[in-house]
Amino acid sequence: FQVDESITEEQAVQQIEDVFEDSVNAHKISDVEVGCFLSSGVDSSYVSTYFAGQKTFTVGFDYGERYNEIDWAKRLSSEIGIEHHYKVITPEEYWGNIRKIQYHMDQPLADASCIALYFVSKIASEYVKVVLSGEGADELFGGYNIYHEPDDLAGYKRVPLFLRKALAAVARALPFSFRGKSFLIRGAQPIEESFIGNCSMFTMAEKRRILRADIPVSRRQELPRPIYDKVRDQDDVTKMQYLDINVWLAGDILLKADRMSMANSLELRVPFLDRKVFELASHIPTKCKVNANQTKIAMRGAAEKTIPAKTADKKKLGFPVPVRAWLRDEQYAGVVRKAFNPPAAEQFFRTKELNAMLDQHISGKRDNWRQIWCIFMFLVWYDEYFVKR
């Protein structure tokens with residue numbers, strides 16, 4: 001990143017519009033029909049506006065609007081004249097394909113949306129051989145809600161550091177959670193300590209409690225340290241973007257996009273990650289990306305020229321999957337419990353602790369779904385590749 005602070009928001013909007021249109025047009029070049037994945041968010045919606053007369057594809061779950069973007073996608077497709085195809089994934093389909101999907105992943109990935117991505121790729125493959133998708137927009141143009149954090153903490157960080165550290169120590173020592181606990185802890189740390197991206201899932205104490213004693217553990221801050229070292233002179237939001245580009249984007253977003261599309265013999269292209277698009281993004285100042293109230297400021301401005309404002313301004317939803325709710329249903333929690341207790345699990349984990357974590361989640365005492373899913377996905381993958389039958 002080599003930020004040019006002289007770029008105004010209006011200039012950034014125009015530059016994004018120009019370079020992104022060129023990128024989409026280049027990525028549409030093909031000897032076969034090209035389609036587009038479509039969610040309710042600004043990224044894929046912006047891509048889809050260059051697809052008049054072509055096909056878009058969406059999946060969702062029957063768990064209310066939070067988990068189902070199909071209606072949004074339908075309306076946008078109708079407004080811009082696109083043929084839209086969609087599928088509602090049932091819980092039985094989702095859980096019934098986990099093992100096969102972890103096989104196709106080749107390596108363990110605890111992102112619940114990779115299974116949804118498998119299904120949207122499957123639908124698309126029935127109609128087209130190539131699709132465009134919106135991956136990369138969040139990392140390049142400042143789209144994640146966590147990028148608000150430097151603004152959120154700015155006022156608190158004016159409190160003397162010694163006092164913030166003392167409050168953080170007290171918060172850590174308390175054995176229960178309370179509103180603001182995480183804020184107090186993060187506010188006493190530099191961004192290099194507080195923002196670890198999506199690998200921030202288990203504390204050292206939790207890892208020591210869950211893993212067998214003979215398995216070594218390390219501080220989660222060690223993984224991003226060499227990446228942060230390369231952007232020491234940048235502002236905190238840019239540091240977060242740089243970490244996400246090198247860890248989250250490469251190790252999760254693009255990994256699942258590549259594996260799930262290829263599992264369905266579908267070629268997936270990502271116009272936001274064109275070299276020229278990144279060159280532009282690397283110069284746009286943070287003030288044109290994130291403020292206290294909005295993310296992807298300039299990119300949304302560019303998108304609003306071609307898609308409805310309500311879509312361009314829509315808060316980021318991600319690729320939501322109702323795993324949290326499913327894990328409180330004994331039918332699906334039972335599938336996880338079965339994976340938590342065989343000899344294979346005992347090679348790595350204290351299975352009594354795994355069962356306790358699951359029981360806490362089922363009872364509603366704690367929301368442990370991400371930790372549970374992380375371990376469950378590892379065990380499914382390990383069983384698929386290494387357990388003899």
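This is a predicted model, so every value here is computed, not measured.

(A) Broad picture of the overall build of the chain. A count of helices and strands for the chain gives 22 helices and 5 strands. Computed over the C-alpha atoms, the radius of gyration of the chain is 22 Å, within 12% of the 21 Å expected from 2.2 N^0.38 for a compact globule of 389 residues. The principal-axis extent of the C-alpha atoms belonging to the chain is close to 55 × 55 × 35 Å. Counting across all 389 residues of the chain, residues that qualify as buried make up 50%. Considering only contacts within the chain whose residues lie at least 6 apart along the sequence, 76% involve residues at least 24 apart. For the chain, the exposed surface amounts to about 18300 Å²; the carbon and sulfur share of it is 52%.

(B) Region of the structure containing the nonpolar core. One finds Tyr94, Trp95, Trp373 and Phe376 to be the most contacted residues of the largest nonpolar core, which totals 59 residues. It is helix H22 (residues 369–386) that provides the largest number of residues to this core, a total of 10 residues. Beyond its immediate sequence surroundings of up to four residues, Trp373 is in contact with Tyr94, Trp95, Ile98, Ala110, Asp111, Ala112, Ile115 and Val323. One finds Phe20, Leu132, Trp248 and Phe272 within the second-largest nonpolar core, a separate group that totals 48 residues.

(C) Just a nonpolar patch on the surface, in detail. On the surface, Tyr103, Tyr385 and Phe386 cluster together into a nonpolar patch covering about 320 Å² of accessible area. Of note, Phe386 is situated in helix H22.

(D) How the structure looks around helix H5 (residues 98–105). Of the positions making up H5, those classed as buried are Ile98, Ile101, Gln102 and Met105. An end-on view of H5 places all buried positions within 100° of arc, on one side of the element. Here the buried face of H5 lies against helix H4 (91–96), helix H6 (113–125), helix H14 (236–262) and H22. Count one or two residues on from H5 and you reach Asp106, which has phi positive near 75°.

(E) The arrangement of unusual backbone geometry in detail. A positive phi angle, near 75°, is found at Asp106, a position not held by glycine. On the basis of relative accessibility, which here comes to 43%, the residue Asp106 falls in the partly exposed class. Positive phi is not limited to glycine here, since Lys296 has a value of about 45°.

(F) Fine view of the packing of aromatic side chains. For the coordinates displayed, the defined rule picks out 30 aromatic pairs. Each ring, one from Trp326 and one from Tyr332, has its centre 6.2 Å from the other, and the planes form 50°; the classification is tilted. What makes Trp326 buried here is its relative accessible area of 1%. Judged by its relative accessible area of 6%, Tyr332 is buried. Pairwise contacts between aromatic rings join Tyr103, Phe348, Phe349, Phe378, Trp381, Tyr382, Tyr385 and Phe386 into one cluster.

(G) Examining the pattern of salt bridges more closely. Applying the stated criterion across every chain, the model contains 24 salt bridges. For Lys239, the salt bridge is made with Glu192, and the minimal N-O distance between the two is 2.7 Å. Here Lys239 is found in helix H14, whereas its partner Glu192 is found in helix H11 (residues 191–194), with 47 residues between them in sequence. Residue Lys239 is classed as buried on the basis of its relative accessible area, which comes to 9%. Between Asp252 and Lys256 there is a salt bridge, and its shortest N-O distance comes to 3.7 Å.

(H) Region of the structure containing the packing of H5 against H6. At a closest axis distance of 10 Å, the pairing of H5 and H6 adopts a crossing angle of 90°. In terms of axis orientation, H5 runs roughly perpendicular to H6. Between H5 and H6, the contacting residues are Ile98, Lys100, Ile101, Gln102 and His104 on the first element and Cys114, Ile115 and Tyr118 on the second. Split by residue class, the contact of H5 with H6 holds 5 nonpolar, 2 polar and 1 charged.

(I) Representation of the packing of H5 against H22 in the model. At their nearest, the axes of H5 and H22 sit 9 Å apart, and the two run at 75° to each other. With respect to their mutual orientation, H5 and H22 come out roughly perpendicular. For the pair formed by H5 and H22, the contact residues are Ile98, Arg99, Gln102 and Tyr103 on the first element and Trp373, Phe376, Met377, Val380, Trp381, Asp383, Glu384 and Tyr385 on the second. In terms of residue class, the contact of H5 with H22 is made up of 8 nonpolar, 1 polar and 3 charged.

(J) Examining the side chain of Thr56 more closely. Of note, Thr56 is situated in strand S2 (residues 55–61). For Thr56, a relative accessible area of 0% gives the class buried. A polar contact of 3.2 Å, which involves the side chain of Thr56, links it to the side chain of Ser77. Each residue touching Thr56, except ones within four places of it in the same chain, is listed here: Cys36, Leu38, Ser48, Ser77, Ile82, Glu83, His84 and His85.

(K) Representation of the side chain of His85 within the structure. Tracing the sequence through the fold places His85 in strand S3 (residues 83–89). At a separation of 2.7 Å, a polar atom in the side chain of His85 contacts the side chain of Glu83. Excluding residues that lie within four positions of it along the chain, His85 makes contacts with Lys55, Thr56, Phe57, Thr58, Ile123 and Tyr127.

Cut-off values and rules
- Residues numbered from 1 in each chain as written.
- Predicted model: local features only at pLDDT ≥ 70, side-chain atom pairs only at ≥ 80, totals over all residues.
- Heavy atoms only, no water.
- Helix = DSSP H or I, 4+ residues; strand = E, 2+ residues; numbered from the N terminus.
- Rg over C-alpha atoms; globule rule 2.2 N^0.38 Å.
- Buried < 20%, exposed > 50% of the residue type's maximum accessible area, 1.4 Å probe, protein only.
- Contact = heavy atoms within 4.5 Å.
- Areas by Shrake-Rupley, 256 points an atom, 1.4 Å probe, with all protein chains shown as cover.
- Core = buried A, V, L, I, M, F, W, Y, C linked by side-chain atoms within 4.5 Å.
- Patch = residues over 30% accessible without salt bridge, like charges linked within 9 Å, V, L, I, M, F, W, Y side chains within 5 Å.
- Salt bridge = Lys/Arg side-chain N within 4 Å of Asp/Glu carboxyl O.
- Arc of directions from axis to C-beta.
- Phe/Tyr/Trp six-rings, centres within 6.5 Å; stacked < 30°, edge-to-face > 60°.
- Axes fitted to C-alpha atoms, helices over the stretch in contact; angles between N-to-C directions.
- Parallel < 35°, antiparallel > 145°, perpendicular 65-115°, else oblique.
- Nonpolar A, V, L, I, M, F, W, Y, C, P; charged D, E, K, R; others polar.
- Polar contact = N/O pair within 3.5 Å; in protein donor to acceptor, adjacent residues only side chain to side chain.

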